[in-house]
Amino acid sequence: MTFFQLIRKNLFRKKLRTILTTFAIFVAFAIFGILATFQNALNSGADTASADRLIVTNKINFTLPMPIAYASRVATVPGVKLVSHANWFGGYYQEPKNFLVALAIDPQSYLDLYPEYVLPPAQRAAFLGDRGSIIVGEGLAKQFNWKLGDRIPIKSNIFRKVDGSDTWDFTVAGIMTPGSTGVDVNFVAFHYEYFKQTRSFGGDTIGWLILRTESPKENERISRTIDAMFANSPFETETKTEQAFNKAFTEQLGDVGFIILLVVGAAFGTILLIVGNTMMLTVRERTNEIAVLKTIGFTADSIFRLVIGESLLLASIGGLLGLGAAYAASIGLAAVSGGRFGVMAFSPVTALIGVGIIVALGLLTGLLPALRAMNLNVVTALGRK
Amino acid sequence: MSEALIVLKGIGKRYKRGKQSVPIFEHLDMTIPRQDFAAIMGPSGSGKTTLLNLLGGIDRPSEGTINFDGKRMDNLSENQLAAFRAANIGFIFQFYNLMPMLSAAQNVELPLLLTKLGPRARRERVKTALAVVGLSDRARHKPSELSGGQQQRVAIARAIVSDPKLLLCDEPTGDLDRETAGEILGMLQTLNRDLGKTIVMVTHDPEAARFAKRTLHLDKGRFSEKDLNA
Ligand SMILES: Nc1ncnc2c1ncn2[C@@H]1O[C@H](COP(=O)(O)OP(=O)(O)OP(=O)(O)O)[C@@H](O)[C@H]1O
Ligand SMILES: [Mg+2]
């Protein structure tokens, strides 16, 4: 028998109680892990944003359009290296539940601006050469079983074609892969020119401009110049870094981070009480045994380690099972969501924070009972029969 | 070896009860020779358990000195006392005080967790101790699967497994029927006679005291010695 075995046997003495407590810890850590996964997904856009990219949107709201002429005017601002534009299509595939991030883009400049959306050269050339073609993210291609050359119908819940239909047919010309981890390619993109000519309304207007600056240091000045250029026009603009834009976009969903913090805080507050109370009860029940251990020569130190070891073991079992379940769930969620909410991943940082909380929980819940056990007076404890 | 195992000199012990300080012992002297088997009798509240606590290094005297094996122990620190108890004293209680979730063998092994012995040496020691108390065939039983007498035998095995010089027993047969009590007391007698263990045993039962070499009567913190076996 080892010291650790003694701790383990102590922990599993009251099996039902330990299982219930472990389950409470498990649930709290599973909630934490899954919510952290969601938060990672929401932040993934901001994390992979490039520092030298700016986004120009309509000042009133980024969903409102701007004239296409803005693209060439912005290109004249000193320090702007490259300009592209995109429109929101509001697309879905077959059924509304298969919602798609679908963009009408200026192909050449857009792909130049986003080198992290990787296309093999042949596919890139095919896309640029065919106005009726589309490029799709690899996750979506897999999910909907799209192959190169397939004709796929994409519906819009905003736009209608000139002929009254809501369905655009595209040829799959390329399948995008992410250039690095965290890059989100779960979208489809097609030619703006084709979209403009086939849609029944909207004219020659675009959703937003993307531009590359010569250096992030120029961002401030360029933003101000652009917004000043269109001030007092019917379409005033707001220029932000891509990072700020992505963040603002996420915040449309409410302050998710704060809500997550509240939920996780409540969950951990609750188990702190539950586990702390259980440990306190446990030590009180064992007063006599602890006195016996001290009598036969266990030092105050070793009694302290015996109790704190038990609370750490309890927190570790429940916590690691919970984190494991959250990890498994994140894989499932990533598959189900198809990346539509960003890159759904259980990050190493989440795991590390989780382990940190496990240790903190074990120490916090064990501290008082351990101190109490270690300071137990043997004479009085053994005296009271 | 003629030197006594334990010498108490001028022991005073007081407990605080509220503002009052209640004296249990005043100027108590006592000598326990090596290989003694002393029974301590006396009315409830006379200080028998308190005396065992002092002898075993669980409690410290308010005054006086205690020498164990030629060394002073009344001024040791808490940690030193813990080490002293682990090395020198075996405790046997009225209610056995075994760990319910551990098997008999594991209960016996408990004091060895405090030593540097390897797993094999420990297993040997446990085996020997269980053999001495005649429970080799019950090694894997939990305390709840053993009778009171068997549990007390496991407790004795636990007390002797680290080969201490002194065994302190506080009413070891107080919870047992006469026949079983006789077995336990016979076993203590054997440990004293054949293995040379010094034993101090508190008991209320004159029959039990007969198994000892001598009986000390404690009353109001004082001894009146009569050698019943004489
Ligand atoms: N921790 C303590 N605090 C205060 N008084 C105590 C404490 N322990 C013992 N006493 C008192 O000291 C006296 C002696 O107690 P002790 O337990 O030594 O008696 P005892 O002879 O073992 O009695 P019993 O036969 O009932 O076990 C009693 O009056 C008791 O109330
Ligand atoms: Mg007593």
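Residue numbers run consecutively from 1 along every chain, following the written order of its sequence. By the order in which they are written, chains take letters starting at A while ligands take numbers starting at 1. Since the coordinates come from a predicted model, pLDDT governs what is reported: local features require at least 70, and pairs of side-chain atoms require 80 or more to be given and counted, while whole-chain, interface and lining totals use all residues. Note that water and hydrogens are dropped before the side-chain values are worked out from all heavy atoms of the structure.

A.B. asks: Go over helix α6 (residues 178-194) of chain B with me, naming the residues and quoting the values.
C.D. replies: All names here are of chain B. Secondary structure elements follow DSSP: runs of H or I of four or more residues count as helices, runs of E of two or more count as strands, with numbering from the N terminus. Given the number of residues in a helix, its expected span is that number minus one, multiplied by 1.5 Å. Its 17 residues give α6 an end-to-end C-alpha distance of 24 Å, which sits within 8% of 24 Å, the value for a rise of 1.5 Å per residue. Each residue is placed in one exposure class: buried if its accessible area under a 1.4 Å probe, protein chains only, is under 20% of its type's maximum, exposed if it is over 50%, and partly exposed if it falls in between. Where α6 is concerned, the buried positions are Thr180, Ala181, Ile184, Leu185, Met187, Leu188, Leu191 and Asn192. Taken around the axis of α6, the buried residues stretch over an arc of 150°, which confines them to a single face. Projecting away from the buried face of α6 at angles above 90 degrees are the exposed residues Arg178, Glu179, Arg193 and Asp194. Think of a polar contact as two N or O atoms within 3.5 Å of one another; within protein, one of them needs to be a possible hydrogen donor and the other a possible acceptor, and neighboring residues in sequence only count if both atoms come from side chains. By the N-cap criterion, in which a side-chain oxygen at the helix start approaches the backbone nitrogen of a residue two or three places on, α6 is capped by Asp177, the distance to Glu179 being 3.1 Å. Looking at the residues trailing α6, positive phi occurs at Gly196, about 70°. Comment: arc refers to directions from the helix axis out to C-beta atoms.

A.B. asks: Could you give me a rundown of a nonpolar patch on the surface, with the residues and numbers involved?
C.D. replies: Residues and elements named next belong to chain A. Taken together, Phe23, Val27, Ile31, Phe258, Ile259, Leu261, Leu262 and Val263 make up a surface patch of nonpolar side chains, about 730 Å² in accessible area. Elements with a minimum of two residues in the nonpolar patch: α2 (15-48) and α10 (256-285). Among the structural elements, Val27 can be located in helix α2. For Val27, a relative accessible area of 32% translates into the label partly exposed. Patch criteria: residues need more than 30% relative accessible area and no salt bridge. Like-charged residues are merged within 9 Å; nonpolar side chains of Val, Leu, Ile, Met, Phe, Trp and Tyr are merged within 5 Å. Working definition of accessibility: Shrake-Rupley area with a 1.4 Å probe, residue cover restricted to the visible protein chains. We define a salt bridge as a side-chain nitrogen of Lys or Arg found within 4 Å of a carboxyl oxygen belonging to Asp or Glu.

A.B. asks: Summarise the packing of aromatic side chains; cite the residues concerned and give the values.
C.D. replies: All names here are of chain A. Two rings from Phe, Tyr or Trp (for Trp, the six-membered ring) form a pair when their centres sit within 6.5 Å of each other. Planes less than 30 degrees apart are called stacked, planes more than 60 degrees apart edge-to-face, and all others tilted. Applying the stated criterion across every chain yields a total of 23 aromatic pairs over all chains. Here Phe89 and Phe195 contribute two aromatic rings whose centre-to-centre distance is 5.7 Å and whose plane-to-plane angle is 75°, an arrangement assigned as edge-to-face. Of this pair, Phe89 sits in the loop between β3 (80-88) and β4 (91-92) while Phe195 sits in helix α7 (residues 192-198), placing them 106 residues apart in sequence. Counting every residue linked through ring pairs, the aromatic cluster contains Phe89, Phe159, Trp168, Phe170, Phe190, Tyr194, Phe195 and Phe201. Lysine NZ or arginine CZ positioned within 6 Å of the ring centre and within 35 degrees of the ring normal marks a charge as sitting over the ring. Here the basic side chain of Arg305 rests over the ring of Phe3, its NZ or CZ set 5.5 Å away from the ring centre.

A.B. asks: Quick rundown of the interface of chain B and chain A? Include the residues and the values.
C.D. replies: Residue contacts follow a heavy-atom distance rule, with two residues in contact if any of their heavy atoms lie within 4.5 Å. Counting residues at the interface gives 24 residues for chain B and 22 residues for chain A. Note on definitions: buried area is the accessible-area loss of two parts on being combined, 1.4 Å probe, summed for both. Sorting the residues of chain B by area buried against chain A places Met99, Met101 and Leu113 of chain B first, and these three jointly supply 24% of that buried surface. Here chain B and chain A share 0 salt bridges between them. Where chain B meets chain A, there are 5 residue pairs in polar contact (both at pLDDT 80 or more). Going through the elements one at a time, α2 (78-88) and α3 (104-109) of chain B are the ones with two or more residues in the side of chain B that touches chain A. The element contributing the most residues to the side of chain B that touches chain A is α2 of chain B, with 4 residues. Polar here means any residue outside two lists: the nonpolar Ala, Val, Leu, Ile, Met, Phe, Trp, Tyr, Cys and Pro, and the charged Asp, Glu, Lys and Arg; Gly therefore counts as polar. Counted by class, the side of chain B that touches chain A contains 15 nonpolar, 4 polar and 5 charged residues.

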